[in-house]
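# Per-entry structural report
In case you want the letters, here they are:
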2 protein chains.
Amino acid sequence: MPRLIPIDDPGDPRLADYRDLRDVQLRQHFEVEHGVFLAEGAKVVRRAVTAGFEPRSFLMAPRWLDDLDDVLEPSGAPVYVLSEALVEQVTGFHVHRGALASLVRRPLPSVDEVLDGARSVLVVEDVVDHTNIGAIFRSGAALGFDAVLLSPRCADPLYRRSVKVGMGAVFTMPWTRLTDWYDALPSLSARGFTTVALTLAPDATPIEEAVAGVDRLALVLGSEGPGISDRWQQAADRRAIIPMAPEIDSLNVAAATAVACYVSTRR
Amino acid sequence: MPRLIPIDDPGDPRLADYRDLRDVQLRQHFEVEHGVFLAEGAKVVRRAVTAGFEPRSFLMAPRWLDDLDDVLEPSGAPVYVLSEALVEQVTGFHVHRGALASLVRRPLPSVDEVLDGARSVLVVEDVVDHTNIGAIFRSGAALGFDAVLLSPRCADPLYRRSVKVGMGAVFTMPWTRLTDWYDALPSLSARGFTTVALTLAPDATPIEEAVAGVDRLALVLGSEGPGISDRWQQAADRRAIIPMAPEIDSLNVAAATAVACYVSTRR
C-alpha cells in the first residue's frame, strides 16, 4: 500500500513543499534552498519517478490515487491526500491534472559528462521564460537532439512550469548549466563541435546550408528579445538564419528551435 | 495633438474596455457583446492601427505617449492617461509594455474571400489555448503561409493573449472561422486544395513526402490533447507525420506547426 496520509488542515507543516505555487520568486528561493522541484500532472509525475528522481512526497486529491498507484506504491514516500478545494487553497491555483510530487534535485553533471557521445547539442543563451525553456527541451528531445547546455542566466528547467511545458523532457535529456559564459562557444569548438548561432542577421547563412555536413553540431539559441549576444555571435563558428517572409521580424524562440532542430537532425 | 485625457479615478466609466483583464470568461463576454478587442504593447498597438483597425480608445502611462505619438495623433480616438499604479488597478495586472488600445472588431470575411489567391493555408481544429493560437498565426505568417481557417471551437485569435503571442500576425494574415465543421475538409478539396492532416498515426507519411509537389495546400492541425478528430482524419486527402525520436510522444502544437510550415513552404 502507498503511505496515504489524509490531511484536512491547509496549515499542516508537512505541506511546505507545495505552498504558494503562483509566487515565482518565492518558489525559486524555496526550491533552491531546499533542493527540491515539483512535477505536476500524473503523466509528468510518473516520468520524473521513472527517470530516477527521488520523491520527497506526493500531494493529490483522492481521485488521482488509482491512476498513480504503480508509482506511489514502490516509492515509499508519503502521499498527502487532500480534497480538491484544499489542494487549491494550499497551492494557490487550480491543479488541472490533480497530482503533484516534490522531488529531490540532483547535482548537475559536468559539461564533459553531458557532451559524452552527443552529436547534436542545443546551447541556450539567456532564455529567461520558463515556458520557452520547457518548449526548447521538448522540441529538442522530440527532434533528435542529445543534450542541452544553458547559459548562466537561463531560466530553471526544473521549475514547475518548465517541466510541465516540456512534458518531462528535462528528466531524460542530459543537460547542465555553463559556468563560463564568455568562452562557452570557443570551448565547444575546441571539443570538436561546430557552433552554429541562430540569428536574424540578414547576412547569415540559411540554416539548411549552415548545418549541412556538420558532424558534431552545437546549435546556439538566443534570448527572447535581443537574440544572441554580440560576444556569442562573434565567437560562433557559423551564423545561420531561418528564412522568413518579408516584413516579418521573427519567430518565437520555441518555434525557431523546433524548425532548427528538425533541419539539423536531417543534416 | 493627441486627445489626451488624464484620469485619476479607477472607477471612471470611460475605462470600461480595460477592466478585469485577467478574467478570461468575463472578458470574452464583454468583447463579443461590445465588438471590441485589445492590443497590448506599443509594437502590437501600432501594428493593429497600421493594419486599419479602428481604435475606440488608448490607455497608457505617461512614459509611453512619446513612443506612440505617430499612432495617437492621427487617430483622433481618446487617449486615457493613467499612472502605472492605476493602470494596474484597472486592468488587474502589470502591463509590461505600458500601452493598451481598444479596437473595433470587423465582420469576418467569407471562406472564399480568405482563400482568394492563397496557395498555402492553415486549417486549425479545436485549438483552445490562446497562446497556441497566437503562436500558430505568428509561425504561419513568418514561414510563408497565406491564410488561416479556424474550426468553430478554436480559441479567439483576437483575444489579448493570442494577439500578443502572435505579435499582431492576426491583423495582416487573412483568416476566418469555419461554420461547417463536418464538411470543412471536403469543401476545401472541392475548391482545389490538397488537405494534409498532421497526425501522430504511425502509418502516416513523413511531412516532406506528404506535401511534395502539392500546389494548393491546406495543412490541417489538431487540438492540443487528442489531435485531429476522426472525422477530419478520414476526410483529409493525406495524413502526414513529423518524424520524431523513439519514445517521445509528441511535439507541442505550436512547435509542430512551425516545423510543418517550414517544410511545406519548401515543397
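Presented here is a report on the structure given in the accompanying data block. These figures come from a predicted structure and were not determined experimentally. (Residues numbered from 1 in each chain as written. Chains lettered and ligands numbered in written order. Predicted model: local features only at pLDDT ≥ 70, side-chain atom pairs only at ≥ 80, totals over all residues. Heavy atoms only, no water.)

### What to know about the overall build of chain A
Assigned secondary structure in chain A consists of 12 helices and 12 strands. Relative to a compact globule of 267 residues, whose C-alpha radius of gyration would be 18 Å, chain A shows 20 Å and is just as compact. Each principal axis of the C-alpha distribution contributes one length, and for chain A these read about 60 × 40 × 30 Å. With 267 residues in all, chain A has 55% of them scored as buried. Of the contacts made within chain A by residues no fewer than 6 positions apart, 75% connect residues no fewer than 24 positions apart. (Helix = DSSP H or I, 4+ residues; strand = E, 2+ residues; numbered from the N terminus. Rg over C-alpha atoms; globule rule 2.2 N^0.38 Å. Buried < 20%, exposed > 50% of the residue type's maximum accessible area, 1.4 Å probe, protein only. Contact = heavy atoms within 4.5 Å.)

### Details of the packing of helix H12 (residues 253-265) of chain A against helix H12 (residues 253-265) of chain B
How two helices sit against one another is set out by the angle between their axes and by the gap between those axes. At their nearest, the axes of H12 of chain A and H12 of chain B sit 8 Å apart, and the two run at 55 degrees to each other. As the angle between them shows, H12 of chain A and H12 of chain B are arranged oblique. In this structure, H12 of chain A crosses over H12 of chain B, and the sense of that crossing is right-handed. Between H12 of chain A and H12 of chain B, the contacting residues are Ala255, Ala258, Val259, Tyr262 and Val263 of chain A on the first element and Ala255, Ala258, Val259, Tyr262 and Val263 of chain B on the second. Grouping the constituent residues of the contact of H12 of chain A with H12 of chain B by class yields 10 nonpolar, no polar and no charged. (Axes fitted to C-alpha atoms, helices over the stretch in contact; angles between N-to-C directions. Parallel < 35°, antiparallel > 145°, perpendicular 65-115°, else oblique. Left-handed = near helix turned anticlockwise from the far one by under 90°. Nonpolar A, V, L, I, M, F, W, Y, C, P; charged D, E, K, R; others polar.)

### Let's talk about the relation of the copies chain B and chain A
For the pair chain B and chain A, the relating rotation is 180 degrees, the translation along its axis is 0.0 Å, and the fit reaches an RMSD of 0.0 Å. Between the two chains, the operation in question is that of a two-fold axis. Both copies share a contact surface, since 100% of the interface residues of chain B are interface residues in chain A too. (Least-squares fit on C-alpha atoms with pLDDT ≥ 70 in both.)

### Description of unusual backbone geometry
The phi torsion at Met167 of chain A lies on the positive side, around 50 degrees, for a residue other than glycine. Residue Met167 of chain A is classed as partly exposed on the basis of its relative accessible area of 22%. In this model, Asp20 of chain B sits at a positive phi of 55 degrees, which is unusual for a non-glycine residue. Residue class for Asp20 of chain B comes out partly exposed when judged on its relative accessible area of 39%.

### Some details on the pattern of salt bridges
A side chain of one charge can pair with a side chain of the opposite charge when the charged atoms of the two come close. In total, this model carries 26 salt bridges over all chains according to the counting rule given. Linking Arg46 of chain B and Asp70 of chain B is a salt bridge whose minimum nitrogen-to-oxygen distance equals 2.9 Å. You can see Arg46 of chain B sitting in helix H2 (residues 42-50) and its partner Asp70 of chain B sitting in helix H3 (residues 69-75), a full 24 residues away along the chain. Its relative accessible area of 25% is what places Arg46 of chain B among the partly exposed residues. Put simply, Arg27, Glu31, Arg105 and Asp156 of chain A are held in one network by salt bridges that share partners. (Salt bridge = Lys/Arg side-chain N within 4 Å of Asp/Glu carboxyl O.)

### Things to note about helix H1 (residues 24-34) of chain A
All names here are of chain A. Of all the residues in H1, the buried ones are Arg27, Phe30 and Glu31. Take H1 and look down its axis: the buried residues cluster within an arc of 95 degrees, on one side only. Within H1, the exposed residues directed more than 90 degrees away from the buried face are Gln25, Val32 and Glu33. Next to the buried residues of H1 lie strand S2 (36-40). Note on H1: the residue one or two positions beyond its end, Gly35, has a positive phi of about 65 degrees. (Arc of directions from axis to C-beta.)

### Some points on the interface of chain B and chain A
Across the boundary between the two partners, chain B contributes 26 residues, which contact 26 residues of chain A. When chain B packs against chain A, the two sides together hide about 2,000 Å² of surface, and 55% of this comes from carbon and sulfur. The largest share of the area that chain B buries against chain A comes from Arg138, Ala142 and Tyr262 of chain B, three residues that together contribute 27% of it. Between chain B and chain A we count 0 salt bridges in total. Across the contact surface, chain B and chain A share 7 residue pairs in polar contact (both at pLDDT 80 or more). The set of elements that each furnish at least two residues to the side of chain B that touches chain A consists of H2, helix H6 (130-142), helix H10 (207-211) and H12 of chain B. When residues of the side of chain B that touches chain A are assigned to their parent elements, the largest contribution, 5 residues, is made by H12 of chain B. (Buried area = accessible area lost by both parts, 1.4 Å probe. Polar contact = N/O pair within 3.5 Å; in protein donor to acceptor, adjacent residues only side chain to side chain.)

### Looking at the sheet that holds strand S6 (residues 120-124) of chain B
Residues and elements named next belong to chain B. The strand order across the open sheet formed by 7 strands is S8-S7-S6-S11-S9-S12-S10, and the pairing between neighbours is parallel. Edge positions in the sheet fall to strand S8 (175-177) and strand S10 (205-206), since each has one partner strand and no second. Bridge analysis of S10 against strand S12 (residues 238-241) gives 2 bridges, and the strand direction is parallel. Its bridge partner lying in S12, Pro206 is registered against Ile241. Packed onto the sheet, H6 meets S6, strand S7 (147-150), S8 and strand S11 (217-221) and runs at close to 170 degrees relative to S6. Strands in contact with H12 are S6, strand S9 (194-198) and S11; relative to S11, the strand with the most contacts, it is inclined by about 165 degrees. (Pairing = 2+ DSSP bridges.)

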